Amino acid sequence: MESTDKIKVALALLLVAAGVTGFYLLPATPVVLRPLSVVAGLLSGVGVLWFSQLGQEFMGYARDSVKEAQKVVWPNKKETWQITGVVFLFVGVLALFMWVVDTGLAWLFYDVVLGRG
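Residues numbered from 1 in each chain as written. Predicted model: local features only at pLDDT ≥ 70, side-chain atom pairs only at ≥ 80, totals over all residues. Heavy atoms only, no water.

Caption draft 1: Up close: the overall build of the chain. Secondary structure summary: the chain contains 4 helices and 0 strands in total. Starting at the N terminus and walking to the C terminus, you meet the elements of the chain as α-α-α-α. Expected size for 117 residues packed as a compact globule is a radius of gyration near 13 Å; at 29 Å, the chain overshoots this value by more than 25%. Expressed along its principal axes, the backbone C-alpha trace of the chain runs to roughly 75 × 40 × 35 Å. Residues counted as buried form 10% of the 117 residues belonging to the chain. Counted over contacts in the chain with a minimum sequence separation of 6, partners at least 24 positions apart contribute 45%. For the chain, the accessible area works out to roughly 9800 Å², and carbon and sulfur atoms hold 75% of it. For the chain, the distance from the average position of its 9 positive side-chain charges to the average position of its 8 negative side-chain charges is 8 Å. (Helix = DSSP H or I, 4+ residues; strand = E, 2+ residues; numbered from the N terminus. Rg over C-alpha atoms; globule rule 2.2 N^0.38 Å. Buried < 20%, exposed > 50% of the residue type's maximum accessible area, 1.4 Å probe, protein only. Contact = heavy atoms within 4.5 Å. Areas by Shrake-Rupley, 256 points an atom, 1.4 Å probe, with all protein chains shown as cover. Lys, Arg positive; Asp, Glu negative; His and termini not counted. Charge placed at Lys NZ, Arg CZ, Asp CG, Glu CD.)

In structure tokens:
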């Protein structure tokens with residue numbers, strides 16, 4: 001990262017911090033000014049970051065992410081219900097298996113090994 005980009009990132013962070021600081025320093029009476037200072041700090045920070053190399057790389061990454069998300073093939077309603085049924089069936093079988101193992105181990109340790117039956 002170049003020194004100008006480092007300065008831009010530092011300036012963006014300072015602008016965001018100034019917006020948050022403004023939220024706490026402004027009086028509570030005008031309700032609109034406090035959140036407005038945070039929004040102004042965020043927007044100005046994003047505006048400065050936009051023109052840095054890091055901001056441009058992030059925008060390229062975001063564009064590629066949107067393109068990949070558009071390639072996703074979503075299941076239709078019938079497939080969704082079928083998959084949900086399989087998941088519920090699997091959870092039921094697993095719960096039954098765990099209950100059988102738990103009961104068997106309790107019987108083995110308490111009744112057979114310790115003789116408390």
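Caption draft 2: Up close: the packing of aromatic side chains. Following the criterion strictly, the structure yields 1 aromatic pair and no others. Ring geometry for Phe23 against Tyr24: centres 5.2 Å apart, planes inclined by 90°, an arrangement best described as edge-to-face. (Phe/Tyr/Trp six-rings, centres within 6.5 Å; stacked < 30°, edge-to-face > 60°.)

Caption draft 3: Layout of the environment of Leu13. Tracing the sequence through the fold places Leu13 in helix 1 (residues 3–25). The sequence separation of Leu13 and Asp102 amounts to 89 residues, and the corresponding C-alpha distance is 55 Å.

Caption draft 4: Expanded view of helix 1. The terminal C-alpha atoms of helix 1, which comprises 23 residues, lie 32 Å apart, in line with the 33 Å expected from a rise of 1.5 Å per residue. When we look at burial in helix 1, the residues that qualify are Asp5, Val9, Ala12, Gly19 and Gly22. On its buried face, helix 1 is in contact with helix 2 (33–50) and helix 3 (53–70). (Expected span 1.5 Å × (residues − 1).)

Caption draft 5: Broad picture of helix 4 (residues 77–113). Between its terminal C-alpha atoms helix 4 stretches 52 Å, which fits the 54 Å expected from 37 residues at 1.5 Å a residue. The N-terminus of helix 4 is capped by Asn76, whose side-chain oxygen sits 3.3 Å from the backbone nitrogen of Lys78. Once helix 4 ends, the next one or two residues include Gly115, with phi positive near 70°. (Polar contact = N/O pair within 3.5 Å; in protein donor to acceptor, adjacent residues only side chain to side chain.)

Caption draft 6: The arrangement of the side chain of Asp5 in detail. Here Asp5 lies in helix 1. For the buried Asp5, which has no salt bridge, the nearest side chain bearing the opposite charge is Lys8, at an N-O separation of 4.3 Å. Setting aside its immediate chain neighbours within four residues, Asp5 contacts Ser52 and Gln53. (Salt bridge = Lys/Arg side-chain N within 4 Å of Asp/Glu carboxyl O.)

Caption draft 7: Local environment of the pattern of salt bridges. Evaluated as defined, the whole model comprises 1 salt bridge. Residues Glu68 and Lys71 are paired through a salt bridge, measuring 3.3 Å at the closest nitrogen-oxygen approach. A residue is classified by how much of its surface remains accessible, and Glu68, at 48% relative accessible area, is partly exposed. Judged by its relative accessible area of 58%, Lys71 falls in the exposed class.

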